[in-house]
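Fold and geometry: a report
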Amino acid sequence: MRSTILCVTAAAVTALLAAAPAFAQERVVNVYNWSDYIDSSILEDFTKETGIKVVYDTFDSNETLETKLLAGGSGYDVVVPTVSFMQRQIAAGVYQKLDKSKLPNLVNMWDVIMKGVASFDPGNEYSVDYMWGTTGIGYNVDKVKAALGTDDKPNWDALFDPAKAAKLKDCGIYMLDSPTDVVPSVLAYLGLNPNSTDPADLKKAQEVLTAVRPFVRKFHSSEYISALANGDICIALGYSGDMFQARDRAAEANAGVKVDYSVPSQGAQIFFDVFGIPKDAPHVAEAHEFINYMMKPEVIAKASNFVFYANGNKASQQFLDKEVLDDTAIYPTPEVMAKLFTVPPLDPKTQRIVTRLWTTVVTGQ
């Protein structure tokens, strides 16, 4: 009897020891995404469904993300760069190719958007679109009308013509702290190629920004959302979805602030924010599970309904709120789409010029 008990006990101990690693290793995915860019309940639902804990950090500029990725050892499993930045990061060996056999929900993706992304990531080997949008002008309807004396939606001249910017100084101007978004917008305003790398064109852009610099209250890539919504400023150069968040926060507050969004007639940038997996990601299997989960139509629709950005998932459109799907500022008309441009990554020489230009403008020195 005693020997039987000992055998049973030994077998039980062996089984427990064999199972110990499974109990000890909590499944985790470390995600690095833009600020104000997801419904947090999606992360909670993912954990409930998969048992994978989400550690979620945020950034507010591609430059911040790129610095961490190029340094290596970021510890992140899923990151969300704008694909134009990702192109040069791929060349630098920052990412690993996606294992598409682990991403069955790719069948839900929108071929039009995948084609746009593929112009930066051929074959969509490293990326899956999360959201896409435009860079334009968010504004306080009443304050801008009072300052400029017109009901017309503002174009780039409202920000880049010193005479008009001066009229908006007191009610407040914010601009993105991102030269890759602002400089092409200035070039479009000037009627030049927004992707120009000609030093003479970049000098003209710098002259425009220097002239309006005294009228810009702040350069920041996320604070304009609350500033617009609260009525603290009257106009901002920023991302479309952020402006819609400001618009809806203002409406919910019911404090008399009306925010709208304009895609300037001179042209505006279209961008694609995508999921990617860093080459040194510590939890690759979990990263694929997270990306695949985000491609569920009802999940990504929930994200779009929250952040007011268009997504690259065609199958999700049946789950989108009507106010999102029918809003031509979010899902633009063909006429507006024809005016949009993409911005490729800069070559190292041009990048140095633009970085110096931007530092000079922002610091005023």
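Here, the structure is the one placed above.
What this report covers is the structure whose coordinates are included nearby.

Rules used in this analysis
- Residues numbered from 1 in each chain as written.
- Predicted model: local features only at pLDDT ≥ 70, side-chain atom pairs only at ≥ 80, totals over all residues.
- Heavy atoms only, no water.
- 1 Å grid on protein atoms, 1.4 Å probe; cavity = no way out; pocket = protein on both sides within 12 Å on 5 of 7 lines; lining within 4 Å.
- Points joined across faces, edges and corners; volume = space filled by probe spheres on them.
- Helix = DSSP H or I, 4+ residues; strand = E, 2+ residues; numbered from the N terminus.
- Buried < 20%, exposed > 50% of the residue type's maximum accessible area, 1.4 Å probe, protein only.
- Pairing = 2+ DSSP bridges.
- Arc of directions from axis to C-beta.
- Contact = heavy atoms within 4.5 Å.
- Nonpolar A, V, L, I, M, F, W, Y, C, P; charged D, E, K, R; others polar.
- Domains from an automatic or database assignment.

Brief notes about empty space enclosed by the protein
- In the structure shown here, the tally under the stated rule is two cavities of 30 Å³ or more.
- Approximately 230 Å³ is the volume found for the largest cavity.
- If you trace the largest cavity, you find 23 residues lining it, with W34, N62, T82, D181 and Y239 closest to the centre.
- Elements with a contribution of two residues or more to the lining of the largest cavity: α4 (83-91), α9 (179-189) and β9 (268-275).

Observations regarding the pairing of strand β4 (residues 128-140)
- A large share of β4 lies buried, amounting to 13 of its 13 residues.
- One ladder, built from seven bridges, connects β4 with β9; its direction is antiparallel. Each bridged residue has a counterpart across the sheet, and for M131 the counterpart in β9 is D273.
- Taken together, the two bridges between β4 and strand β10 (residues 310-311) define a ladder with antiparallel strand orientation. By the bridge assignment, M131 is partnered in β10 with N311.

Some words on helix α3 (residues 62-71)
- Among all positions in α3, only N62, L65, E66 and L69 are buried. Viewed end-on, α3 has its buried residues packed into an arc of 100°, placing them on one side of the element. Of the exposed residues in α3, those oriented more than 90 degrees away from the buried face are T67 and A71.
- Packing partners of the buried residues in α3 comprise β1 (28-34), β2 (53-59), β3 (78-79) and α4.
- Looking one or two residues beyond α3, the residue adopting positive phi is G72, at roughly 80°.

Considering unusual backbone geometry
- The phi angle at D36 is positive, at roughly 55°, despite the residue not being glycine.
- Note that D36 resides in the loop between β1 and α2 (40-50).
- Even without being glycine, N254 reaches a positive phi, approximately 55°.
- You can see N254 is positioned in the loop between α12 (240-253) and β8 (259-262).

Description of the layout of surface pockets
- In this structure, the largest pocket occupies an estimated 210 Å³ of space.
- Lining the largest pocket are 13 residues, and of these K153, Y261, V263, T328 and A329 sit closest to its centre.
- Going through the elements one at a time, α12 and β8 are the ones with two or more residues in the lining of the largest pocket.
- Considering each element in turn, the lining of the largest pocket owes the most residues, three residues, to β8.
- Class assignment of the residues belonging to the lining of the largest pocket gives a composition of six nonpolar, two polar and five charged.
- Each of two domains, domain 1 (26-131 + 270-330) and domain 2 (134-267 + 341-361), supplies a minimum of three residues to the lining of the largest pocket.
- Taken as a whole, the second largest pocket encloses approximately 160 Å³ of empty space.
- Forming the boundary of the second largest pocket are 16 residues, of which P194, N195, S196, V343 and L346 lie nearest the centre.
- At the level of secondary structure, the elements contributing two or more residues to the lining of the second largest pocket comprise α9 and α17 (348-363).
- Among the elements that take part in the lining of the second largest pocket, α9 stands out by supplying five residues, more than any other.
- The residue inventory of the lining of the second largest pocket, partitioned by class, reads eleven nonpolar, five polar and no charged.

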